[in-house]
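Descriptive analysis of the structure
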Amino acid sequence: MNVDAAIPWSSDCFGVGVIIRDYLGGVIVAMAKRFPGAPTAFLAECTAFREGLKLTLYFDLVLEKAKTDVQNVVSAIKKKKSPLAIESPIINDISVFLSQLEDVCCSFVPRSGNLVAHTLANYALNIPSCALWTNEIPTCISNVVLSDLSYK
């Protein structure tokens, strides 16, 4: 699972992108979701991680790796606490969801290895609420799906 958030400079919303692949890199689930509000980048990225885990649990998927391109998020998840009180409920949700999944490795991946989730997060900024694809490659990410396979 790869996740990312996109926050436009002048807007009252942010986007979240989630991509979950099988062991060969095939797309199982992809999601682009728009949220109201103008959070900090850290809060938006934590929200993206939580949404990815919720999606994993909803589809009852086995998850081995969960990746984001924000090292602070990975650190907060591993410490099971947030440096700021506003993110604490989201970090707590993430901890609960991770406990429902078995042996998930949460790690940092460079932006170059997170292009699909990044593209989905930006796509989310242009939709009314949520777009979900199962077992197919959405056209909005078709050009970047192959490029980050080496980071799966």
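Read on for an overview of the structure. A quick note: this is a predicted structure, and the numbers were derived from the prediction, not measured. (Residues numbered from 1 in each chain as written. Predicted model: local features only at pLDDT ≥ 70, side-chain atom pairs only at ≥ 80, totals over all residues. Heavy atoms only, no water.)

Considering the packing of aromatic side chains
For the structure shown, the criterion picks out three aromatic pairs. On the basis of an interplanar angle of 85° and a centroid distance of 5.1 Å, the ring pair of Tyr 58 and Phe 59 is categorised as edge-to-face. (Phe/Tyr/Trp six-rings, centres within 6.5 Å; stacked < 30°, edge-to-face > 60°.)

Focus on helix α2 (residues 71-79)
Every buried residue belonging to α2 is among Val 73, Val 74, Ala 76 and Ile 77, and all of these are buried. For α2, the angular spread of buried residues about the axis comes to 165°, placing them on one side. Summarising the geometry of α2, the exposed residues directed more than 90 degrees from the buried face are Asn 72, Lys 78 and Lys 79. The inward-facing, buried residues of α2 abut α1 (41-58), β4 (65-68), α3 (88-100) and β5 (105-108). Following α2 by one or two positions, Lys 80 has its phi on the positive side, about 60°. (Buried < 20%, exposed > 50% of the residue type's maximum accessible area, 1.4 Å probe, protein only. Helix = DSSP H or I, 4+ residues; strand = E, 2+ residues; numbered from the N terminus. Arc of directions from axis to C-beta. Contact = heavy atoms within 4.5 Å.)

Overview of the side chain of Glu 45
Secondary-structure assignment places Glu 45 in helix α1. Buried charge without a salt bridge: Glu 45, with Arg 111 as the nearest opposite-charge side chain at an N-O distance of 5.2 Å. Once you skip the residues sitting within four places of it in the chain, Glu 45 turns out to touch Asp 4, Ala 5, Thr 68, Asp 69, Val 70 and Val 73. (Lys, Arg positive; Asp, Glu negative; His and termini not counted. Salt bridge = Lys/Arg side-chain N within 4 Å of Asp/Glu carboxyl O.)

What about the packing of α1 against α2?
Close contact between α1 and α2 brings their axes to 10 Å; oriented N to C, the two are set at 60°. Considering the relative orientation of α1 and α2, their crossing is right-handed. On the side of α1, the interface is formed by Phe 42, Glu 45, Cys 46 and Phe 49, while α2 contributes Asn 72, Val 73, Ala 76 and Ile 77. Looking at the contact of α1 with α2 residue by residue, the classes come out as six nonpolar, one polar and one charged. (Axes fitted to C-alpha atoms, helices over the stretch in contact; angles between N-to-C directions. Left-handed = near helix turned anticlockwise from the far one by under 90°. Nonpolar A, V, L, I, M, F, W, Y, C, P; charged D, E, K, R; others polar.)

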